[in-house]
Amino acid sequence: MWKRIDHQPKIKAGDGPQVGQFETLNSAPESAASHPLELSEFQSFPVFKDISRHIKEVGAQLVKKVNAIFQLDITKDGKTILQWTVDLKNGQGDMYPGSARLPADTVFTIPEPIFMELVWGRLNPQRAFLAGKFKVSGKVLLGQKLEKVFKDWIKL
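Residues numbered from 1 in each chain as written. Predicted model: local features only at pLDDT ≥ 70, side-chain atom pairs only at ≥ 80, totals over all residues. Heavy atoms only, no water.

- The name recorded for the chain in an unreviewed UniProt entry is SCP2 sterol-binding domain-containing protein 1, from Echinops telfairi.

### Structural notes on the packing of helix α2 (residues 45–66) against helix α5 (residues 143–155)
- Following both chains from N to C, one finds α2 and α5 inclined at 125°, their axes separated by 10 Å at the closest point. Taken together, α2 and α5 sit at an angle that is classed as oblique. Once α2 is placed against α5, the crossing between them reads as right-handed. Contacts from Val47, Asp50, Ile51, His54, Leu62, Lys65 and Val66 of α2 reach α5 at Lys145, Val149, Phe150, Asp152 and Trp153.
- A breakdown of the residues in the contact of α2 with α5 according to their chemical character gives seven nonpolar, one polar and four charged. (Axes fitted to C-alpha atoms, helices over the stretch in contact; angles between N-to-C directions. Helix = DSSP H or I, 4+ residues; strand = E, 2+ residues; numbered from the N terminus. Parallel < 35°, antiparallel > 145°, perpendicular 65-115°, else oblique. Left-handed = near helix turned anticlockwise from the far one by under 90°. Contact = heavy atoms within 4.5 Å. Nonpolar A, V, L, I, M, F, W, Y, C, P; charged D, E, K, R; others polar.)

### Quick word on a nonpolar patch on the surface
- The grouping of Phe129, Leu130 and Val140 at the surface amounts to a nonpolar patch, some 280 Å² of accessible area in total.
- Relative to the helices and strands, Phe129 resides in helix α4 (residues 125–130).
- For Phe129, a relative accessible area of 30% translates into the label partly exposed. (Patch = residues over 30% accessible without salt bridge, like charges linked within 9 Å, V, L, I, M, F, W, Y side chains within 5 Å. Areas by Shrake-Rupley, 256 points an atom, 1.4 Å probe, with all protein chains shown as cover. Salt bridge = Lys/Arg side-chain N within 4 Å of Asp/Glu carboxyl O. Buried < 20%, exposed > 50% of the residue type's maximum accessible area, 1.4 Å probe, protein only.)

### Some remarks on the pairing of strand β2 (residues 79–88)
- The pairing of strand β1 (residues 68–76) with β2 spans nine bridges and is classified as antiparallel. What sits directly across from Leu72, in β2, is Trp84.
- Where β1 folds back on β2, the antiparallel hairpin that results is connected by two residues, among which Asp77 adopts a positive phi of roughly 55°.
- Bridging between β2 and strand β3 (residues 94–97) involves four bridges; their strand directions are antiparallel. Note that in β3 the partner of Trp84 across the bridge is Pro97.
- Hairpin geometry of β2 and β3 is characterised by an intervening segment of five residues between the two adjacent antiparallel strands and by a positive phi of about 55° at Gly91. (Pairing = 2+ DSSP bridges.)

### Observations regarding helix α3 (residues 112–119)
- For α3, the tally of buried residues reaches six of eight residues, placing the bulk of the element in the interior.
- Of all the residues in α3, the buried ones are Glu112, Ile114, Phe115, Met116, Leu118 and Val119.
- Buried residues belonging to α3 abut α2, β1, β2, β4 (106–111), α4 and α5.
- Gly121 lies just past α3 and shows a positive phi near 80°.

### So, the environment of Ser99
- Tracing the chain through its elements places Ser99 in the loop between β3 and β4.
- Taking relative accessible area as the criterion, Ser99 reaches 40% and is therefore assigned partly exposed.
- Filtering out sequence-adjacent residues up to four positions away, Ser99 remains in contact with Gln71, Gln83 and Thr85.

Written as structure tokens, this is what we have:
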């Protein structure tokens, strides 16, 4: 048998919490909230801008070859700090900051230093993935097509 026990006093209209009765938990320090990071402060930002320029130049050809949308979630200390989308499926191709406007075929979650090593060709993407240095969700094999896009860009 269940028995109802009311341990709380009845609340009347107009009653509310007293000043200082509750404290805010997990609030961000004021200095961090007042100085948001700018895109240009990231090491990878100039690389993304240059790759974006490359995609605008040869995007139509890449759309025919790749036919996929990639979302790159760049992380720091396990938290996403930057997102870029490479759309090589629609129109003339595009690369823009932010999450994918249409569902992404493949989503990469990569720490920024690992991303820089991958883009510059200093780290083998397959080995890095198998070693757990970054995560991939969606169609994993499409990552090889994105690797070719980066290799074509680095040759310039």
